[in-house]
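What follows is each chain in one-letter form.
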Amino acid sequence: HARFARQYQFPFPLLSDVKSEVAKAYGCTSALLLGAVSRATCVISQKGILRYRYVEPTPLTSRKIDDLITIVKDLKARSLI
C-alpha cells in the first residue's frame, strides 16, 4: 500500500483490512454477495466520521473516478473532510 500511495501521491493513509473487521464495521457488505464484504470506497473525516460510503454491488463493478473526485471536492467545500 505504501508504494501505491507514493506512486499516486495520496496525501492520506490506505488501509489493509485482511480480516474484513473495519469493512464490516463501516457496513461495507453487499446484499448481492449474501452479506460478504465487497469492494467499497469510504471517505472518513480526520475526526473519524464516515462522510461517504459506496459499496460495489459486485466485485466486477467499480465507481467512476470522476464521480469520486466530485464527491470529495463537495465534502471539502462543505468543510466535512
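Summary of the structure given here. Quick caveat: nothing in here was measured; it's all calculated off a predicted structure.

About the cut-offs
- Residues numbered from 1 in each chain as written.
- Predicted model: local features only at pLDDT ≥ 70, side-chain atom pairs only at ≥ 80, totals over all residues.
- Heavy atoms only, no water.
- Salt bridge = Lys/Arg side-chain N within 4 Å of Asp/Glu carboxyl O.
- Pairing = 2+ DSSP bridges.
- Helix = DSSP H or I, 4+ residues; strand = E, 2+ residues; numbered from the N terminus.
- Contact = heavy atoms within 4.5 Å.

1. Considerations on the pattern of salt bridges
Tallied over the entire structure, the rule returns 1 salt bridge. Between D74 and R78 there is a salt bridge, with its nearest N and O atoms 3.1 Å apart.

2. Observations regarding the pairing of strand β2 (residues 50-55)
Two strands pair when backbone bridges link them, and strand β1 (residues 40-44) and β2 are joined in this way by 5 bridges, in the antiparallel orientation. Residue pairing across strands places V43 opposite Y52, the latter belonging to β2. Turn length for the β1-β2 hairpin, with the two strands adjacent in sequence and antiparallel, is 5 residues, and the turn residue G48 shows positive phi of about 85°.

3. Thoughts on the environment of S30
With respect to the helices and strands, the residue S30 is situated in the loop between α2 (21-25) and β1. It is 26 Å that separates the C-alpha atoms of S30 and D74, two residues lying 44 residues apart in sequence. Other than its neighbours up to four places away in sequence, S30 contacts G35, A36, S38, V55, E56 and P57.

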